[in-house]
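# Remarks on the overall topology
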Amino acid sequence: MRAILPFPRLSLMVFLLWAVITNAASLGQLVLGALLAIVIPLLSRDFWPAPPPLVRPWRALRFMGVFALDIVTANWRVARQIIGPLHRLSPAFVEIPLDLRDPFIATLLGSVVSLTPGTVSIHVDQQRWVLLVHALDAPDPQALIDEIKERYEQALKEIFAC
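So, here's what we can say about the structure.

Calculation rules
- Residues numbered from 1 in each chain as written.
- Predicted model: local features only at pLDDT ≥ 70, side-chain atom pairs only at ≥ 80, totals over all residues.
- Heavy atoms only, no water.
- Helix = DSSP H or I, 4+ residues; strand = E, 2+ residues; numbered from the N terminus.
- Contact = heavy atoms within 4.5 Å.
- Expected span 1.5 Å × (residues − 1).
- Buried < 20%, exposed > 50% of the residue type's maximum accessible area, 1.4 Å probe, protein only.
- Arc of directions from axis to C-beta.
- Salt bridge = Lys/Arg side-chain N within 4 Å of Asp/Glu carboxyl O.
- 1 Å grid on protein atoms, 1.4 Å probe; cavity = no way out; pocket = protein on both sides within 12 Å on 5 of 7 lines; lining within 4 Å.
- Points joined across faces, edges and corners; volume = space filled by probe spheres on them.
- Nonpolar A, V, L, I, M, F, W, Y, C, P; charged D, E, K, R; others polar.
- Core = buried A, V, L, I, M, F, W, Y, C linked by side-chain atoms within 4.5 Å.

### Here's the deal with the side chain of Glu153
With respect to the helices and strands, Glu153 occurs in helix H5 (residues 141–160). For Glu153, the contacting residues outside a window of four places in its chain are Pro97, Leu98, Asp99, Leu100, Leu109 and Ile148.

Listed below in structure tokens is the structure:
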């Protein structure tokens, strides 16, 4: 089974994403989505690092809920900031020291930060274990560091037992 589906969760995500994006109402679209769900992970398996085991799946569900809520509130906050006077913004590059030492989880953290409106992950320095983030508005960089470490990094450490 691993020969056909090396990453079953990735295959499931590709299939579901295809179905949502294409509004798959026809059998042909679903078959094409299933084909992509098999072929994409097979072709990209050499590029994927081995993810650490998911130790606390219920914590992962809670994390996804918090993350979804953060995306909604950040969208609202960024919209208000853009509509308002731009001179009030305090953009900044912020280095976030990581307690994580797993490259996969550090990259996952960078992706979570990038998906939250108003912040973009620039680089994960695996020598110093620092995540470089650009924030649209960071008048207090330490507050941003604390928020990312408490809301995201700590949760990921618990989920994957890092």
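On we go from here.
### Let's talk about helix H2 (residues 27–44)
Its 18 residues place the ends of H2 26 Å apart at the C-alpha level, agreeing with the 26 Å of an ideal helix rising 1.5 Å per residue. Residues of H2 that are buried: Gly33, Ala37, Pro41 and Ser44. End-on, the buried residues of H2 take up no more than an arc of 85 degrees, which puts them together on one face. Structural note: H2 exposes Leu27, Val31 and Leu43 on the side pointing more than 90 degrees away from its buried face. Buried residues along H2 sit in contact with helix H1 (8–22).

### Notes on the pattern of salt bridges
For the coordinates displayed, the defined rule picks out six salt bridges. Ionic pairing is found between Glu158 and Arg59, a salt bridge with its closest N-O pair at 2.7 Å. On the criterion of sequence distance, the pair formed by Glu158 in helix H5 and Arg59 in helix H3 (residues 57–83) is long-range, its members being 99 residues apart. Residue Arg59 is classed as buried on the basis of its relative accessible area, which comes to 17%. Its salt-bridge partner being Arg128, residue Asp125 comes within 3.0 Å of it at the nearest N-O pair. Among the residues examined, Asp125 registers a relative accessible area of 16% and is labelled buried.

### Considering the layout of surface pockets
Size it by volume and the largest pocket reaches roughly 1,300 Å³. Together, 30 residues line the largest pocket, and Arg9, Met13, Phe104, Leu108 and Phe160 are the ones closest to its centre. Elements supplying a minimum of two residues to the lining of the largest pocket: H1, H3, helix H4 (103–115) and H5. Counted as a void, the second largest pocket has a volume near 360 Å³. Lining the second largest pocket are 23 residues; nearest its centre among them are Arg77, Thr119, Asp137, Leu144 and Glu147. When residues of the lining of the second largest pocket are traced back to their parent elements, those giving at least two are H3 and H5. Its residues assigned to classes, the lining of the second largest pocket shows twelve nonpolar, five polar and six charged.

### Focus: the nonpolar core
Among the nonpolar cores identified, the biggest contains 27 residues, and Ile96, Leu98, Leu109 and Leu131 are the most heavily contacted of them. Breaking this core down by element, the ones donating at least two residues are H3, strand E1 (92–97), H4, strand E3 (130–135) and H5. Considering each element in turn, this core owes the most residues, eight residues, to H5.

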